[in-house]
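Summary of the model geometry
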Amino acid sequence: SQEVVAKEHIMLNPLQTAIEDISSAADKLLHTLEATPVSMKVLTGVLQGCIAPQVHAGAVVVCHAFLKTDVKATKKLYGANRITNLQKNLRRFLDVCQKGLEVFVQLNNPTDESGPDLYQEHLIQAFDEMCAKIHPYIYEEEQSQLFRAHDRKDSARIDE
């Protein structure tokens, strides 16, 4: 038995909590994918919770809460680094969800020849919808920076 020698309370603001939730969901799915062999039952439940959540808000609601509204005000309130961290964690989350969905499709072999698995199609559609709703907010700043860098190169060529 171990003795508790210290106790610490950490108060997280709503953005920090959202980042922790997104990171934890990605970690849980990644852990599920690293199991040998991958349990289809566990993978199905974790993917459902990540891609098509029914109990908690999910990544789309988190994204919209902090990135869809006035981002300048959100950056001022929570700090630009935390907003960037949220975007980074959302990108990681989508990457892990895509890997999880790919493994699910590989392992999910319908036993009859009646056509595609409806649940599989549901997950794919839910993932596509989630990506469409999140992508503009997590890649927007990076892409605009790339465009600005591209524009600077074009204007430098014009000046020459």
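You'll find the structure just up there.
Throughout what follows, the structure given in this document is the object of discussion. (Residues numbered from 1 in each chain as written. Predicted model: local features only at pLDDT ≥ 70, side-chain atom pairs only at ≥ 80, totals over all residues. Heavy atoms only, no water.)

**Here's the deal with the overall build of the chain**
We count it as follows: For the purposes of this entry, the term helix denotes a DSSP run of H or I that reaches at least four residues, the term strand denotes a run of E that reaches at least two, and both are numbered from the N terminus. The buried label applies to any residue whose accessible area, calculated with a 1.4 Å probe on protein chains only, is under 20% of its type's maximum; exposed applies above 50%, and partly exposed to all values in between. Note on contacts: a residue pair is in contact if any heavy atoms of the two residues lie within 4.5 Å. What sets the accessible areas is the Shrake-Rupley method with a 1.4 Å probe; for residues, cover comes only from the shown protein chains.
Secondary structure assignment for the chain yields seven helices and zero strands. Among the 160 residues that make up the chain, the fraction classed as buried is 31%. Sequence separation of 24 or more characterises 75% of the internal contacts of the chain that already satisfy a separation of 6 or more. On the chain, roughly 11000 Å² of surface is accessible, and the fraction owed to carbon and sulfur atoms is 54%.

**Concerning helix α1 (residues 14–34)**
To be explicit about the condition: For a helix, the expected span equals 1.5 Å multiplied by the number of residues minus one. Whenever a nitrogen or oxygen atom comes within 3.5 Å of another N or O atom, the pair is scored as a polar contact, on the condition that within protein one atom can donate a hydrogen and the other can accept it, and that pairs from neighbouring residues in sequence are kept only if both atoms are in side chains.
The terminal C-alpha atoms of α1, which comprises 21 residues, lie 30 Å apart, in line with the 30 Å expected from a rise of 1.5 Å per residue. Taken together, the buried positions of α1 are occupied by Leu15, Gln16, Ala18, Ile19, Ile22, Ser23, Ala26, Leu29, Thr32 and Leu33. The backbone nitrogen of Leu15 has a side-chain oxygen 2.9 Å away, supplied by the residue at the start of α1, namely Asn13.

**Some details on the state of the cysteines**
We apply this condition: By convention in this document, the label disulfide applies to cysteine sulfur atom pairs within 2.5 Å.
In this structure the tally under the stated criterion is zero disulfides. Cys97 carries a free sulfur, and the closest cysteine sulfur to it, the one in Cys50, is 4.6 Å from it. Accessibility expressed as a relative area gives 0% for Cys97, which makes it buried. Of all cysteine sulfurs in the structure, the one in Cys97 sits closest to Cys131, which takes part in no disulfide; the separation is 7.9 Å. Accessibility expressed as a relative area gives 13% for Cys131, which makes it buried.

**Quick word on the packing of α1 against helix α3 (residues 59–68)**
Two measures define how a pair of helices packs: the angle their axes make with one another and the distance between the axes. The condition that has to hold: Orientation is described by axes fitted as lines to C-alpha atoms, over the contacting stretch for helices, and by angles from 0 to 180 degrees between their N-to-C directions. Angles below 35 degrees are treated as roughly parallel, those above 145 as roughly antiparallel, those between 65 and 115 as roughly perpendicular, and all remaining angles as oblique. Should the near helix be turned anticlockwise from the far one by less than a right angle, the crossing is left-handed, and should it be turned clockwise, the crossing is right-handed. Side-chain classes follow a simple rule in which Ala, Val, Leu, Ile, Met, Phe, Trp, Tyr, Cys and Pro form the nonpolar group, Asp, Glu, Lys and Arg form the charged group, and the remainder, Gly included, forms the polar group.
Relative to each other, α1 and α3 sit at 150°, their axes nearing to 11 Å. As far as their axial angle goes, α3 and α1 are roughly antiparallel. Our pair here, α1 against α3, has a crossing hand that is left-handed. Contacts between α1 and α3 involve Pro14, Leu15, Ala18 and Ile22 from the former and Ala59, Val62 and Phe66 from the latter. Here the residues of the contact of α1 with α3 sort into seven nonpolar, no polar and no charged.

**Things to note about the packing of aromatic side chains**
Counted only if it meets this: Aromatic contacts are taken between Phe, Tyr and Trp rings whose centres are within 6.5 Å, Trp giving its six-membered ring; a plane angle under 30 degrees counts as stacked, one over 60 as edge-to-face, and the others as tilted.
Using the criterion set out here, one finds two aromatic pairs in the structure. Ring centres of Phe104 and Tyr119 lie 6.1 Å apart, and the angle between their planes is 70°; this geometry places the pair in the edge-to-face category. Of this pair, Phe104 sits in helix α5 (residues 80–107) while Tyr119 sits in helix α6 (residues 118–138), placing them 15 residues apart in sequence. Relative accessible area serves as the criterion here: at 3%, Phe104 is assigned to the buried category. Given the relative accessible area of 27%, Tyr119 is considered partly exposed.

**Here we look at the nonpolar core**
For the record, the criterion: To form a nonpolar core, buried Ala, Val, Leu, Ile, Met, Phe, Trp, Tyr and Cys residues must be joined to one another through side-chain atoms within 4.5 Å.
Membership of the largest hydrophobic core comes to 36 residues, with the highest contact counts inside it found for Leu29, Ile51, Leu67, Phe93 and Met130. Counting residues per element, the ones that place at least two in this core are α1, α2 (40–51), α3, α5 and α6. Broken down by element, this core gets its largest block of residues, nine residues, from α5. Residue contacts for Phe93: discarding those within four places in its chain leaves Ile22, Ala25, Ala26, Cys50, Ala59 and Met130.

**What to know about the environment of Val46**
The topology assignment puts Val46 in helix α2. In this structure the C-alpha to C-alpha distance between Val46 and Thr32, which are 14 residues apart in sequence, comes to 7.9 Å.

**Some details on the environment of Glu121**
Residue position: Glu121 is located in helix α6. Distance in space between the C-alpha atoms of Glu121 and Val105 is 9.6 Å, their sequence separation being 16 residues.

Read these as spatial facts, not as claims about activity.
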